[in-house]
Amino acid sequence: METTTVENRFTLIVQGPDGGPGEFADAVAKGLSGERKSIPCRYLYDHRGSLLFEDICALDEYYPTRAEREILETRADEIASLLPENAEIVELGSGNARKTTLLIESFLRKNGRLSYNPIDISRKMIEGSSISLLKRYPDLEIQAIAGDYGDGLELMRTSGEGVKLILWLGSSVGNLDREEAAEFLSDVRGHMGANDRLLIGIDLRKSKKVLEKAYDDRTGITAKFNMNLLRRMNDELGASFDIRKFAHRATYHEEEGRVDMELVSVEAHTVRIESIDLDVAFREGETIHTESCYKYSPEEIDALFAASGLENVRRWLDSQHRFSLSLAAPLP
């Protein structure tokens, strides 16, 4: 574990490797050797992928970022009022923290000072966003953790006695299937004190047309984001993927409430991946599953909380009722 301190207001704890090539290689070897080819969605977010996702968030078709930001713009002061003066903010998957600034500003207006504890797998992203925030807010202190959520939550649990508001924004919970989501939130609940709160953004069920456009925009940026996974394998693992032989596809399965993103082989061919000594044969129409995004009804959100040992304290929706932001407390 590596620790870096800057200007007495910034501590960066590097908990582990930043998605190193060995971990990526193992995931690719396992995922492309199975009957249904798949690669975990976290590998979409290398540096280039993260930048492309920022572009996606600005698209007209991709409503979740705007919807969640609208809620925060109108409710941040109310959210801050529901926490005691000594509350700290802990954020899971903080990224560039742009939406989080709305909460940071509300807490600073209310309390004068604030401790912010972002957790993100990307050291480069978390270091850059933290330094930018410290320059803007002289009364802000940051202890950032470059590592996975579990390590970060454990460090936060043992780091102090203050009340914590844990943020998990952007409907990241949707990348887990419903059982995995309940298991993960149960783990988060296990790291919470009685007075801690979880603020979680969850995308709501809606029409197939709206959802498929959100994950397959007309300008093709989401396709580039998905295809970047093939480029990453070429660059980091010595793979021979020909990008022209794949197409991006997003499909909403209404009954399951799930959008699937896939890379579709447009012709039969074989790819060589040198670093793992693997030849991968693709049939025409065969897919690599890269991401699932589950959508929830309000009733499903309540059921998720109940299965995780949480209860809803307050729920806010955007003006078009597309997105939910919920404040949850641990059940006794």
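No experiment lies behind these values; they were computed from the predicted model shown. (Residues numbered from 1 in each chain as written. Predicted model: local features only at pLDDT ≥ 70, side-chain atom pairs only at ≥ 80, totals over all residues. Heavy atoms only, no water.)

A. Structural detail: helix 4 (residues 100–111). For helix 4, built from 12 residues, the straight-helix expectation of 16 Å at 1.5 Å per residue is met to within 8% by its first-to-last C-alpha distance of 16 Å. Downstream of helix 4 by one or two residues, G112 has phi in the positive range, about 90 degrees. (Helix = DSSP H or I, 4+ residues; strand = E, 2+ residues; numbered from the N terminus. Expected span 1.5 Å × (residues − 1).)

B. Representation of the side chain of E291 in the model. Its location among the elements puts E291 in strand 12 (residues 287–294). Buried and unpaired, E291 has no salt bridge, with K295 as the nearest side chain of opposite charge at 8.7 Å. A polar contact of 3.0 Å, which involves the side chain of E291, links it to the side chain of N175. Beyond its immediate chain neighbours, meaning those up to four positions away, E291 contacts C41, L44, Y45, N175, F225, V259, D260 and M261. (Buried < 20%, exposed > 50% of the residue type's maximum accessible area, 1.4 Å probe, protein only. Lys, Arg positive; Asp, Glu negative; His and termini not counted. Salt bridge = Lys/Arg side-chain N within 4 Å of Asp/Glu carboxyl O. Polar contact = N/O pair within 3.5 Å; in protein donor to acceptor, adjacent residues only side chain to side chain. Contact = heavy atoms within 4.5 Å.)

C. Structural view of the nonpolar core. Counting 41 residues, the largest nonpolar core has L32, L230, M233, F241, I273 and I288 as the members making the most contacts within it. Take this core: its biggest share by element is seven residues, from helix 9 (residues 221–237). Setting aside its immediate chain neighbours within four residues, I273 contacts V28, L32, L237, G238, A239, F241, L278 and V280. (Core = buried A, V, L, I, M, F, W, Y, C linked by side-chain atoms within 4.5 Å.)

D. Spotlight on helix 9. The end-to-end C-alpha separation of helix 9 is 24 Å, in line with the 24 Å expected for 17 residues at 1.5 Å each. The largest bend in helix 9 comes to about 30 degrees, at M227. Listed in full, the buried residues belonging to helix 9 are I221, T222, F225, N226, M227, N228, L229, L230, R232, M233 and L237. Of the residues flanking the end of helix 9, it is G238, one or two places downstream, whose phi is positive at about 70 degrees. (Bend = angle between axes of the 7 residues up to and from the residue.)

E. Representation of unusual backbone geometry within the structure. Of note in this structure, S171 is not a glycine but carries a positive phi near 55 degrees. Tracing the sequence through the fold places S171 in the loop between strand 6 (164–168) and helix 7 (178–190). Its relative accessible area of 11% is what places S171 among the buried residues. In this structure, D277 takes a positive phi of about 50 degrees despite not being glycine. Tracing the backbone through its elements, the reader meets D277 in the loop between strand 10 (269–273) and strand 11 (278–282). On the basis of relative accessible area, D277 is assigned to the exposed category, the value being 57%.

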